[in-house]
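Overview (structure and organization)
What follows is each chain in one-letter form.
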Amino acid sequence: MSTPYAKLPAWADYGLIPLINLSVAFIVAGFVVLLVGENPFRAAIILVEGAFGKGTGIAFTLFYATTFIFTGLSVAVAAHCGLFNIGTEGQAYIAGLGIAIACLSFDSVFPWWLTFPLAIVASALVGALWALIPAYLQAKRGSHIVITTIMFNFIAASIMVFLLVGPLKPVGSQAPQTRNFFAGAELPKLNWIIELFGAKIRSAPLNVTFLLALVMAFLVWLLIWRTKLGYEMRTYGHSPKAARYAGISETRIIITAMMTSGALAGMMALNPVMGDQHNVAIDFVSGAGFVGIAVALMGRLHPVGIVLAAILFGMLYQGGAELAFEMPAISRDMIVIIQGLVILFAGALEHMFRPYIQALFASFSPRSVGMEAVKGKGA
Amino acid sequence: MDVFNAIVQTLDSTIRLSVPLLLACLAGLYSERAGIFDIGLEGKMLVGAFAGAAAASVFHSAFLGLGMAILISVAFAMVHGFASITHRGNQIVSGVAINFVAAGSTIILGQAWFQQGGRTPALQPGERFEAIIWPGAEAMRDVPIIGPIYAELISGHSILVYIAFLMVPFTWWVLFRTRFGLRLRAVGENPAAVDTAGISVAWLRYRALICTGILTGVAGAYLSMVQNGGFVKDMTAGKGYIALAALIFAKWKPVNAMFACLLFGFLDAAAIRLQGSPLPIIGKVPVQFMQALPYVLTVILLAGFIGKAIPPRAGGVPYVKER
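These remarks concern the structure in this document.

Cut-offs applied
- Residues numbered from 1 in each chain as written.
- Chains lettered and ligands numbered in written order.
- Predicted model: local features only at pLDDT ≥ 70, side-chain atom pairs only at ≥ 80, totals over all residues.
- Heavy atoms only, no water.
- Helix = DSSP H or I, 4+ residues; strand = E, 2+ residues; numbered from the N terminus.
- Rg over C-alpha atoms; globule rule 2.2 N^0.38 Å.
- Contact = heavy atoms within 4.5 Å.
- Areas by Shrake-Rupley, 256 points an atom, 1.4 Å probe, with all protein chains shown as cover.
- Lys, Arg positive; Asp, Glu negative; His and termini not counted.
- Charge placed at Lys NZ, Arg CZ, Asp CG, Glu CD.
- Buried < 20%, exposed > 50% of the residue type's maximum accessible area, 1.4 Å probe, protein only.
- Patch = residues over 30% accessible without salt bridge, like charges linked within 9 Å, V, L, I, M, F, W, Y side chains within 5 Å.
- Salt bridge = Lys/Arg side-chain N within 4 Å of Asp/Glu carboxyl O.
- Expected span 1.5 Å × (residues − 1).
- Polar contact = N/O pair within 3.5 Å; in protein donor to acceptor, adjacent residues only side chain to side chain.
- Buried area = accessible area lost by both parts, 1.4 Å probe.
- Disulfide = S-S within 2.5 Å.
- Core = buried A, V, L, I, M, F, W, Y, C linked by side-chain atoms within 4.5 Å.
- Phe/Tyr/Trp six-rings, centres within 6.5 Å; stacked < 30°, edge-to-face > 60°.

Comments concerning the overall build of chain A
Assigned secondary structure in chain A consists of 17 helices and zero strands. Radius of gyration (C-alpha) of chain A: 22 Å, near the 21 Å computed for a compact globule of 379 residues. Over its C-alpha atoms, taken along the principal directions, chain A stretches across nearly 80 × 55 × 40 Å. Look at the contacts in chain A between residues 6 or more apart in sequence, and 75% of them connect residues 24 or more apart. Of the roughly 16400 Å² of accessible surface on chain A, a fraction of 69% belongs to carbon and sulfur atoms. If the 22 positive side-chain charges of chain A are averaged to one point and the 16 negative ones to another, these points end up 12 Å apart.

This is the structure:
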């Protein structure tokens, strides 16, 4: 047997194993809640009620999910090409600069439906360009993409701080942020969709970017599984050697994958900047890029999985805020732990339970794991 | 004389600021030389800092604090080992996970146990490592040139500072003059050869990670028990990543690591000192530029423009025996 793991039926591979991994992550998180001296079951109930109990909660959950769909897709596109883009955070942060330029120039002239496309292009372009340099260095000079993208996160943060306390700050203002946008750069809310179902909503920032995120999820699916380029990316991700042998240009494929990834990361900035705060402020990404890693891993790099995982993390963020309110001992940082545990169990320890599940399947129905076929051929 | 004093003071803070980088960098050296990428240096330092300050203030002993810092940090290193050695998981994913768990749990537990907004109680004398004044330091202070150098630069640091700098020759000796070191380097270059020689690849890599855990624990303890009189949330503030950058900058060699960390420490010290004041010729340098410089330098190095940084060959690849 050359591969360490035998095949499982698809529903077990894509449903059962992620579910088990996720449950283990939440059980460990439950122990942390116990350690703090609170009841984990009550905490879970408050969390779910806070996220889905009221219309406002649902709207907030979907608002956070929008952000995570973008960053999750960004990490996934690079991952299909075998690249670990840990720089989503920095690409989204620097994309705030592109949005700032687009919005500050046009918000008093254009209505939102003209500013929005301009801002989309600007954010995607800046995000993609920020990913270009690490991609080029990886393709041409063999510098490890993980290290360079980490470095670029810090460089992006330094540049943004420099700009926001200096050139981009309005004269006479103390806060390190741009001036507030005019109505021409404020995106319309989508709360009426939830209100259609009869729920009441007090101000929630859910906006049209959510629809853009869903469109992007569809386009990513199209790109990865229905185009030649996506096929080449997946080939390179599986085996760079095979890709080279098939005549796929390494440089071209790495750079396109990373720039797509960077563009998706950049678009994430639209949601908080134009949909909620209406300005570009210091640290507005606040870790959403890293959440993308957890989301992509949990969604098993498939857009449908990513949208579901993003909604789950949106629920954690929104419910976590409610939880911090009800249980003062548990602040929102609890989510950071859960996020870490999800990355650990759904990512690094992905295969921990697989042998046991395989053994279980084999004992019930040997055919489901392809045992008979192997015996028959004597392999 | 003023200029001279300013230089000595800047160099003194350079030493203080490079110590956590140096310890973390050497920690990374052990694991990366053994073929295990470790993005989780940051997280292990953070839990070390928290465990050290928490234990020191509860048990009123600096050494118990240091011990606890090392213990918890090693425990996190073992989680990394369990995921990336035993279960052959992605080492980078595992490191990222450790950083998140560390960042979240230190705040949550700190708040639950001490109720000071994620801080630990301020450490009292005896609960932190005090500066060691070398014999004659005060008497020498007035001697020109040598006096300030002896009194400021050499004397007057805590024991962890001296340990950190002694770790440099020690690490060199372990890696290049002992059997363990030879095997550790071999397992990072060609684990199959080590396996063929009848030595357990997994156990060797676990031992390398134990070394990593010990050193990140000391680095964390230095942050919370020497540099700062207690734990503050997110107090590592990216130092683990700078240490990683320094490790690449040093091309995975212990003595180079010391110079790389001193350079990055100096940039930090200079940034603090120059805040707002203009330089001759260049004029005013933005603080953010100085802060970004270590990262920019590392990227330039990685691009191969200042020599070539070649990582250990088997780095990041889980070892599968059957192949």
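Digging into the overall build of chain B
When its secondary structure is counted, chain B shows 13 helices and two strands. Since a compact globule built from 323 residues should have a radius of gyration of about 20 Å, the 20 Å found for chain B is in line with a globular shape. Principal axes of the C-alpha set define a box for chain B whose edges measure 65 × 50 × 40 Å. Burial statistics for chain B: of 323 residues in total, 57% are counted as buried. Considering only contacts within chain B whose residues lie at least 6 apart along the sequence, 78% involve residues at least 24 apart. Of the roughly 13400 Å² of accessible surface on chain B, 67% is carried by carbon and sulfur atoms. The averaged location of the 15 negative side-chain charges in chain B is 11 Å from the averaged location of its 23 positive side-chain charges.

A closer look at a nonpolar patch on the surface
Residues and elements named next belong to chain B. On the surface, a cluster of nonpolar side chains totalling about 680 Å² of accessible area is made up of I132, W134, V143, I145, I146, I149, I154, I159 and I163. Elements with a contribution of two residues or more to the nonpolar patch: α6 (146-154) and α7 (159-177). Ranked by the residues each element gives to the nonpolar patch, the list is headed by α6, at three residues. By secondary structure assignment, the location of I132 is in strand β1 (residues 131-132). Given a relative accessible area of 34%, I132 falls into the partly exposed group.

Thoughts on the pattern of salt bridges
All names here are of chain A. Here the structure, examined in full by the defined rule, presents six salt bridges over all chains. The partner of R179 in a salt bridge is D107, with the nearest N and O atoms 3.1 Å apart. In this pair, R179 is assigned in the loop between α6 (145-165) and α7 (191-196) and D107 in the loop between α4 (88-106) and α5 (112-141), connecting sequence segments 72 residues apart. Looking at D107, the relative accessible area reads 2%, which means it is buried. With a shortest N-O distance of 2.6 Å, R252 and E232 are connected by a salt bridge. Highlighted residues: R252 in helix α11 (residues 250-268) and E232 in helix α9 (residues 228-238), separated in sequence by 20 residues. Given a relative accessible area of 42%, R252 falls into the partly exposed group.

Notes on helix α3 (residues 62-86) of chain B
Residues and elements named next belong to chain B. A rise of 1.5 Å per residue sets the reference length of α3, with its 25 residues, at 36 Å; its end C-alpha atoms lie 35 Å apart and thus fit the reference within 8%. Where α3 begins, the capping side chain belongs to S61, and its oxygen is found 3.3 Å from the backbone nitrogen of F63. Within two residues after α3, R88 carries a phi angle of roughly 50°, on the positive side.

So, the interface of chain B and chain A
Each side of the interface is counted separately: chain B has 45 residues, and chain A has 43 residues. When the two sides are added together, the surface that chain B and chain A hide from each other amounts to roughly 3600 Å², 79% of it contributed by carbon and sulfur. Of all residues in chain B, the largest losses of buried area upon contact with chain A belong to B:F100, B:I108 and B:Q288, amounting jointly to 18% of the total for that side. Across the chain B-chain A interface, the total number found is zero salt bridges. In this assembly, chain B and chain A are joined by one residue pair in polar contact (both at pLDDT 80 or more). If you list the elements that add at least two residues to the side of chain B that touches chain A, you get α3, α4 (91-114), α11 (239-249) and α13 (287-302) of chain B. Top element by residues in the side of chain B that touches chain A is α4(B). It accounts for 16 residues.

Overview of the state of the cysteines
All names here are of chain B. On inspection of all chains with the given rule, the structure shows zero disulfides over all chains. Its sulfur unpaired, C25 is 4.0 Å from the next cysteine sulfur, which belongs to C261. The exposure class assigned to C25 is buried, which follows from its relative accessible area of 1%.

Considerations on the nonpolar core
Across soluble globular proteins, nonpolar side chains show a tendency to be buried alongside one another. Residues and elements named next belong to chain A. Core analysis: the largest hydrophobic core is formed by 219 residues, its most contacted members being F68, M267, L270, M274, F313 and V342. The element that contributes the greatest number of residues to this core is helix α3 (residues 55-80), accounting for 13 residues. Among all residues touching L270, those that are not within four sequence positions of it are I99, F116, A119, I120, S123, L187, T209, L212 and G275.

Focus on the packing of aromatic side chains
A full pass over the atoms with the stated rule returns 19 aromatic pairs over all chains. Residues B:F50 and B:W113 carry aromatic rings whose centres are separated by 6.3 Å and whose planes lie at 25° to one another, so their mutual orientation is stacked. Of this pair, B:F50 sits in helix α2 (residues 41-59) while B:W113 sits in helix α4, and the two are 63 residues apart along the sequence. Given a relative accessible area of 46%, B:W113 falls into the partly exposed group. For the ring pair B:F170 and B:W173, a centre distance of 6.2 Å and an interplane angle of 35° mean the geometry is tilted. You can see B:F170 and its partner B:W173 sitting in helix α7, three residues apart, about one turn around the helix. For B:F170, a relative accessible area of 40% puts it in the partly exposed group. We classify B:W173 as partly exposed; its relative accessible area is 45%. Through pairs of rings, three or more aromatic residues link up here, namely A:F60, A:F63, A:Y64, A:F68 and A:Y317.

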